[in-house]
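# Report on the structure
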Amino acid sequence: MAMSLDEFLEEWNNPSETLMVHTSGSTGTPKPMLVEKRRMLASARRTNDFLGLQPGDTAFLCMSLDYIAGKMMVVRALERHLHLVSVEPSGHPLAAVTQGDCPSCEQRSELHRDCPLCVTLNNQPSLDFAAMVPLQVYNSLQVPEERERLKQIRHLIIGGGAIDDALADQLKDFPNAVWSTYGMTETLSHIALRRLSGPEASLWYTPFPSVRVSLSEDSTLIIDAPEVCPNPLVTNDIAELSSDNSKFRIIGRKDNIICSGGLKIQAEELERQLRPNLSSPFLITKRSDEKFGEIVVLLTEGSVDEARQVCNRILPRFHQPRTYLHVSRIPHTATGKPARHEAELLAQISN
């Protein structure tokens, strides 16, 4: 059963200096880890300062408290004395808000004045701060009423998965600030943001002032964030630094490189090239091969023939998948990220 807000607050307020969190499981089984509450507060303070949030501002919690992203929304509200509006996590977090049915007391918001959430939604129709995963944002954009409510959020941060070009294009003209986050459980949520909306939109992430980044010999990002991580963290994310080392952009994950016939092929890069041209959900993975070492495999929920035709047209010859597999469901983690390990197993089993 998912953790409730009351359960998290009870755990937060107990005498222990630490609490348990779990990694997302995007590359395997989610792993438990103990984190210090003081470091979570430090992370919350950086985000609140960066976004200029003030006591009394309204924060919208619509993510699961089983994971660090949801927990940190609560900690940010506690650190900055924000008014926290909480709804059950779902694919359409703004649905109840736009329809006027209060998800807290289950009464019509315009009629019920004893519920704090109802009062908030009536007196302050625009939310100051919200965090969502890409799927929640995508779904909200499909419903006109939810789209309008989404546009009214003063600061919307999006994390937990890649933001494709099509989604970013729909957000670029939003009147308020929309941000993509970079971080992980080990960094207690994000350590950098990049703007998706307005003239400041960019592919480059700006680290928080206390964070330093560098590259390993393998071009993977190294994060030095002493406020949240006691030691520098060498990630599996292949990155590029700006000329002055003040910003970075992500190319893909090291463990998503497919070494095929002497070529190093980045799975995420192939997905970026194909995404505007494939109508069905798909994922690039790999399979071991006696001749090439590894080969590119494309999983699709749609037509294998369509996928093959698009790949033949879009991709260079030696980057094209050598195997196409139809699956009933592209595997994802509970937080909405591609389940790369599960996808690789599917490719191997079908061999």
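Residues numbered from 1 in each chain as written. Predicted model: local features only at pLDDT ≥ 70, side-chain atom pairs only at ≥ 80, totals over all residues. Heavy atoms only, no water.

A few words now on the overall build of the protein. Secondary structure assignment for the protein yields eleven helices and 18 strands. Buried positions account for 48% of the 351 residues belonging to the protein. With the model as given, the accessible surface of the protein reaches about 17,000 Å², and the carbon-plus-sulfur share is 50%. (Helix = DSSP H or I, 4+ residues; strand = E, 2+ residues; numbered from the N terminus. Buried < 20%, exposed > 50% of the residue type's maximum accessible area, 1.4 Å probe, protein only. Areas by Shrake-Rupley, 256 points an atom, 1.4 Å probe, with all protein chains shown as cover.)

Packing of helix α1 (residues 5-12) against helix α3 (residues 68-80) brings their axes to within 11 Å, and their N-to-C directions diverge by 65 degrees. For the pair α1 and α3, the crossing hand works out as right-handed. Residues Leu5, Phe8, Leu9 and Trp12 of α1 touch α3, and the partners they reach there are Lys71, Val74, Val75 and Leu78. (Axes fitted to C-alpha atoms, helices over the stretch in contact; angles between N-to-C directions. Left-handed = near helix turned anticlockwise from the far one by under 90°. Contact = heavy atoms within 4.5 Å.)

Moving on to the confidence of the model for the protein. Mean pLDDT over the protein: 88, with 89% of residues reaching 70 or higher. Mean pLDDT in the protein bottoms out at helix α5 (residues 116-123), which sits at 54, and peaks at strand β6 (residues 155-158), which reaches 97. (pLDDT = per-residue confidence, 0-100.)

Bringing the packing of helix α6 (residues 134-141) against helix α7 (residues 144-152) into the picture now. Describing two packed helices takes the angle between their axes plus the distance from one axis to the other. Two elements in contact, α6 and α7, have axes whose closest approach is 7 Å; the angle formed by their N-to-C orientations is 125 degrees. Relative to α7, α6 is oriented oblique. When α6 is examined against α7, the residues Val137, Asn139, Ser140 and Leu141 are found in contact with a partner set consisting of Glu146, Arg147 and Leu150. Looking at the contact of α6 with α7, its residues break down into three nonpolar, two polar and two charged. (Parallel < 35°, antiparallel > 145°, perpendicular 65-115°, else oblique. Nonpolar A, V, L, I, M, F, W, Y, C, P; charged D, E, K, R; others polar.)

Taken as a whole and assessed by the stated rule, the structure comprises six aromatic pairs. Each ring, one from tyrosine 182 and one from phenylalanine 248, has its centre 5.2 Å from the other, and the planes form 80 degrees; the classification is edge-to-face. On the criterion of sequence distance, the pair formed by tyrosine 182 in strand β7 (residues 177-184) and phenylalanine 248 in strand β13 (residues 248-253) is long-range, its members being 66 residues apart. Accessibility assignment for this pair places tyrosine 182 and phenylalanine 248 in one class, buried. (Phe/Tyr/Trp six-rings, centres within 6.5 Å; stacked < 30°, edge-to-face > 60°.)

Let us now look at the sheet that holds strand β9 (residues 206-207). On the basis of which strands lie adjacent, the open sheet formed by seven strands has the order β4-β3-β5-β6-β7-β8-β9 and mixed pairing. The sheet terminates laterally at β4 (83-86) and β9, the two strands that pair on one side only. One ladder, built from four bridges, connects β6 with β7; its direction is parallel. From the neighbouring strand, isoleucine 157 faces β7, where its bridge partner is tryptophan 179. Where α6 meets the sheet, its contacts fall on β5 (129-132) and β6, and the angle it forms with β5 comes to roughly 110 degrees. (Pairing = 2+ DSSP bridges.)

For the rest of this paragraph, the subject is the environment of leucine 263. Along the chain, the position of leucine 263 falls in strand β15 (residues 263-266). Remark: the alpha-carbon pair of leucine 263 and phenylalanine 292, spanning 29 residues in sequence, is separated by 9.5 Å. Not counting residues within four places of it along the chain, the set of residues in contact with leucine 263 comprises Ile258, Phe318 and His319.

Pairing in this open sheet of four strands is antiparallel, and the strands run β10-β11-β12-β13 from one edge to the other. Two strands close off the open sheet at either side, each with one partner strand: β10 (212-215) and β13. Averaged over all pairs of adjacent strands, the angle between their axes in this sheet comes to 50 degrees, without regard to strand direction. Bridge count between strand β12 (residues 233-241) and β13: five bridges; the pairing is antiparallel. By the bridge assignment, aspartate 237 is partnered in β13 with arginine 253.

The subject of this paragraph is helix α11 (residues 340-349). Restricting attention to buried positions, one finds in α11 the residues Arg340, Ala343 and Ala347. Projection of α11 onto a plane perpendicular to its axis shows the buried side chains occupying an angular sector of 60 degrees, all on one side. Summarising the contacts, the buried residues of α11 are in contact with α9 (267-274), β16 (282-289), β17 (293-300) and β18 (323-326). (Arc of directions from axis to C-beta.)

Residue position: threonine 323 is located in strand β18. Sequence spacing of threonine 323 and leucine 299 is 24 residues, and the spatial spacing of their C-alpha atoms is 8.7 Å. If near-sequence neighbours (up to four positions away) are discounted, threonine 323 is found in contact with Arg287, Ile295, Val296, Val297 and Leu298.

Sheet topology places strand β14 (residues 257-260) next to β15; four bridges connect them, and they run antiparallel. What sits directly across from isoleucine 257, in β15, is glutamine 266. From the end of β14 to the start of β15, which pair antiparallel, there are two residues, and glycine 261 there has a positive phi angle of about 60 degrees.

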